[in-house]
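Below, each chain spelled out in residue letters.
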Amino acid sequence: MPDTNSDPDSLTSPEPLCFRQPSKAVPERLDKVLARLIPEHSRSRLQGWIESGHVLVNDAQARAKQLVGPGDEITVWRQQPPEALAFAPEPVEFGIVDESADWIVVFKPAGLVTHPGAGNWSGTLLNGLLHRFPELAQVARAGIVHRLDKDTSGLLVVARHERAQTHLVRQLQARSVSREYIALVHGVLRAAGTVDQAIGRDARVPVRMSTDRPIAPKQAITHYEPKRVGRLPAGAPVTEVVCRLETGRTHQIRVHMASLRHPLVADVLYGGKTSPGMQRQMLHARALSFDDPGSGRRLSFAAELPADFAAALEEIEWES
């Protein structure tokens, strides 16, 4: 039995849990023993504690695969699960385009995750919003109304209170929020059009979304218009496309353009290929319009291309 005065239900124990293996114990791997002694924690989490130095065996730092046997003393300092930090304020870099008493229009840089989730429990836009605007702790999801993929740059609107958030969510549901993107896609695309294909989780690759026999599909509509055609530095054809969302599904533009056999440049998840200076999916949310929750007045915002996207355009040999 553990010898400890700490609360066993606490997330982080200021006092360690202490165990002594029985005199007749059969030698076993440490992580297996801990999984039996502390069954409320997963084995992978326990292995993480061992690897990070929070478990001792006979007062020496432990290894997950080491054997423990009769009389061995095990000391464990329980650690917070990473998801416990999901809504902690953190200094995170992002831009503010404009703000009012009701909303904040944010410029999210490429590489920044919008909302905490598996594998990204900290360092997200949400954490940065809570650091810069502490009052957002009183609003669900820190006021985030819609999201951008990690490697997509551009504009997002954040609600500063629950009433504004409800108003903006209803606009999204009514499809009255306008969101316009600029994308670089592989191949030559000459004519404008609309993709109206439902999107759901890919049955074969869980991290992907799909239009081909998707799981739990939802209606998704993307309008697209090619602006100019050119060639990447290696000579492959490329098209600059403006996309407008009518709906807002996960990976929508990426999936829909791939369904046309024009995947985004550098979007390797959906068949795109990288090019010098283009190491992230070439997608940027450049314009955003919505009705002001307070006045009802139509508001519009635009974002300049980030430096990497602008540089990528300069490297393309465009048709005259």
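Thresholds, definitions, all that
Residues numbered from 1 in each chain as written. Predicted model: local features only at pLDDT ≥ 70, side-chain atom pairs only at ≥ 80, totals over all residues. Heavy atoms only, no water. Buried < 20%, exposed > 50% of the residue type's maximum accessible area, 1.4 Å probe, protein only. Helix = DSSP H or I, 4+ residues; strand = E, 2+ residues; numbered from the N terminus. Pairing = 2+ DSSP bridges. Salt bridge = Lys/Arg side-chain N within 4 Å of Asp/Glu carboxyl O. Axes fitted to C-alpha atoms, helices over the stretch in contact; angles between N-to-C directions. Parallel < 35°, antiparallel > 145°, perpendicular 65-115°, else oblique. Left-handed = near helix turned anticlockwise from the far one by under 90°. Contact = heavy atoms within 4.5 Å. Core = buried A, V, L, I, M, F, W, Y, C linked by side-chain atoms within 4.5 Å.

Draft legend 1. Structural context of the pairing of strand 18 (residues 298-302). Only one face of strand 18 is covered, namely the face carrying Leu-299 and Phe-301; the face carrying Arg-298, Ser-300 and Ala-302 is uncovered. Direction of pairing for strand 17 (residues 283-291) relative to strand 18: antiparallel, over a ladder of five bridges. What sits directly across from Phe-290, in strand 18, is Leu-299. Connecting the antiparallel pair strand 17 and strand 18 is a turn made up of six residues, with Gly-296 showing a positive phi of about 80 degrees.

Draft legend 2. Quick peek at the pattern of salt bridges. Scanning the entire structure with this criterion turns up 21 salt bridges. Close ionic contact of Arg-175 with Glu-246 constitutes a salt bridge, the shortest N to O distance being 3.3 Å. Taken together, the positions of Arg-175 in the loop between helix 4 (162-173) and strand 10 (178-186) and Glu-246 in the loop between strand 16 (237-245) and helix 5 (252-259) put the pair 71 residues apart, joining distant regions of the chain. Classification of Arg-175 by relative accessible area gives partly exposed; the value is 34%.

Draft legend 3. Up close: the packing of helix 1 (residues 30-37) against helix 2 (residues 43-51). Axis separation between helix 1 and helix 2 bottoms out at 9 Å; the angle between their running directions is 120 degrees. In this view, helix 1 runs oblique relative to helix 2, as classed from their interaxial angle. Of the two elements, helix 1 crosses helix 2, and the hand of that crossing is right-handed. Touching Leu-30, Asp-31, Lys-32, Leu-34 and Ala-35 of helix 1 are Arg-43, Leu-46, Gln-47 and Ile-50, all from helix 2.

Draft legend 4. Inspection of the nonpolar core at higher detail. By size, the foremost hydrophobic cluster in this structure holds 31 residues, and its most contacted members are Leu-129, Leu-136, Tyr-181, Ile-253 and Met-257. For this core, the secondary-structure elements that each account for two or more residues are strand 8 (103-108), helix 3 (125-132), strand 9 (153-159), strand 10, strand 16, helix 5 and strand 17. Ranked by residue count, the leading element in this core is helix 3, at four residues. With sequence-adjacent residues up to four places away left out, Ile-253 is seen in contact with Tyr-181, Thr-222, Cys-243, Leu-245, Leu-264 and Leu-283.

Just geometry here; none of it tells us what the structure is for.
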